[in-house]
Amino acid sequence: MNIILFGPPGAGKGTQANNLIKNFNLHKVSTGDLLRNEIENNQDSSSKIKSILEQGILVSDDVVNDLIQKILSNKKYYNRLIFDGYPRNLNQAKKLDLLLKKYDQKISCVLSLNVEKESIIKRILGRQTCTNCGEIFNKYFKAATNINHTCDPKFLIKRSDDNEKAIINRFETYLNKTLPILDFYKKQNLLHHINGMADIDQIFNKIRDIIASLETWLCK
């Protein structure tokens, strides 16, 4: 089962992806994570990619598609992927279709989390990620405490691109570049809209219901 998670920056895709990983033994493919790893491991392209990310601008399709192909070609992740942040435009969506066919895989469902712009800004400005365990917290909505987070607080970081200017750029980019992809998947009867303003648990329960209703999942 392969799933695509859509939603503007800060919609909660990462949190829901982590829930899916724990409950369905899936592997998350985040282009943001892939690009940040590329920054750390590839000195030739690190400065350019870092600058683009901090401005809230999309990295070129060729760079992103190459990173995605490396994941799809790995038999370890065969039909066990959650795409978080990819595809981000129609060209990437069409390229993903070609890559999936090449590696004999398919998308089971596309989940779109709908969240208002004002809430997005507050969510992102308060977002913190633990570099040790990967958990995501928010000082406004879900603060890290001694009860829900056992790692040292020093591991909690705020991403460099989580600033208001970059947030607005990323939100506008999402509206202009990413939303048209929803029609692409709607025509394939894969698209499911979800209220991303609901509580985290309510959102995940809705996602579980969608997955349970998929014939492809029930047949596995």
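This write-up is about the structure you can find in this document. (Residues numbered from 1 in each chain as written. Predicted model: local features only at pLDDT ≥ 70, side-chain atom pairs only at ≥ 80, totals over all residues. Heavy atoms only, no water.)

Summing up its helical and strand segments, the chain has nine helices and eight strands in all. Buried positions account for 47% of the 220 residues belonging to the chain. Sequence-distant contacts, at least 24 apart, represent 73% of the contacts inside the chain between residues at least 6 apart. Accessible surface, the chain: about 12,000 Å² in total, of which carbon and sulfur atoms supply 48%. (Helix = DSSP H or I, 4+ residues; strand = E, 2+ residues; numbered from the N terminus. Buried < 20%, exposed > 50% of the residue type's maximum accessible area, 1.4 Å probe, protein only. Contact = heavy atoms within 4.5 Å. Areas by Shrake-Rupley, 256 points an atom, 1.4 Å probe, with all protein chains shown as cover.)

Before going further, it helps to examine the pattern of salt bridges. What the rule picks out here adds up to two salt bridges. Here Glu172 and Lys117 are joined by a salt bridge, their closest N and O atoms 3.6 Å apart. Separated by 55 residues along the polypeptide, Glu172 in helix 7 (residues 164-186) and Lys117 in helix 6 (residues 117-125) bring together distant segments of the chain. What makes Glu172 partly exposed here is its relative accessible area of 31%. (Salt bridge = Lys/Arg side-chain N within 4 Å of Asp/Glu carboxyl O.)

Bringing the sheet that holds strand 7 (residues 156-157) into the picture now. What the three strands build is an open sheet, ordered 6-5-7; its pairing is antiparallel. Bordering the open sheet on either side are strand 6 (136-138) and strand 7, each of which pairs with just one other strand. Where strand 5 (residues 127-130) lies against strand 6, three bridges are found, and the strand directions are antiparallel. Bridging from a neighbouring strand, Gln128 pairs with Phe137 of strand 6. (Pairing = 2+ DSSP bridges.)

Contact pair helix 4 (residues 61-72) / helix 5 (residues 90-102): the axes reach a minimum separation of 11 Å and the direction vectors enclose 25 degrees. As the angle between them shows, helix 4 and helix 5 are arranged roughly parallel. For the pair helix 4 and helix 5, the sense of crossing is right-handed. Where helix 4 abuts helix 5, its residues Asp61, Val64, Asn65, Ile68, Gln69 and Leu72 lie against Asn91, Gln92, Lys95, Leu96, Leu99, Leu100 and Lys102. Split into classes, the residues belonging to the contact of helix 4 with helix 5 amount to six nonpolar, four polar and three charged. (Axes fitted to C-alpha atoms, helices over the stretch in contact; angles between N-to-C directions. Parallel < 35°, antiparallel > 145°, perpendicular 65-115°, else oblique. Left-handed = near helix turned anticlockwise from the far one by under 90°. Nonpolar A, V, L, I, M, F, W, Y, C, P; charged D, E, K, R; others polar.)

Relative orientation of the contacting elements helix 1 (residues 13-24) and helix 8 (residues 200-213) amounts to 55 degrees, with a least axis distance of 11 Å. For the element pair helix 1 / helix 8, the angle class is oblique. In this structure, helix 1 crosses over helix 8, and the sense of that crossing is right-handed. Of the residues in helix 8, those touching helix 1 at Thr15, Gln16, Asn19, Leu20, Asn23 and Phe24 are Ile200, Ile203, Phe204, Ile207, Arg208 and Ile211. Taken together, the residues of the contact of helix 1 with helix 8 break down into seven nonpolar, four polar and one charged.

Right, let's get into the state of the cysteines. On inspection of all chains with the given rule, the structure shows zero disulfides. Looking at the unpaired Cys151, the closest cysteine sulfur is the one in Cys130, lying at 3.8 Å. (Disulfide = S-S within 2.5 Å.)

The subject of this paragraph is the nonpolar core. Formed by 28 residues in total, the largest nonpolar core has its most connected members in Ile68, Phe83, Leu96 and Tyr185. Going through the elements one at a time, strand 1 (3-6), helix 2 (31-41), helix 4, strand 3 (81-84), helix 5 and helix 7 are the ones with two or more residues in this core. (Core = buried A, V, L, I, M, F, W, Y, C linked by side-chain atoms within 4.5 Å.)

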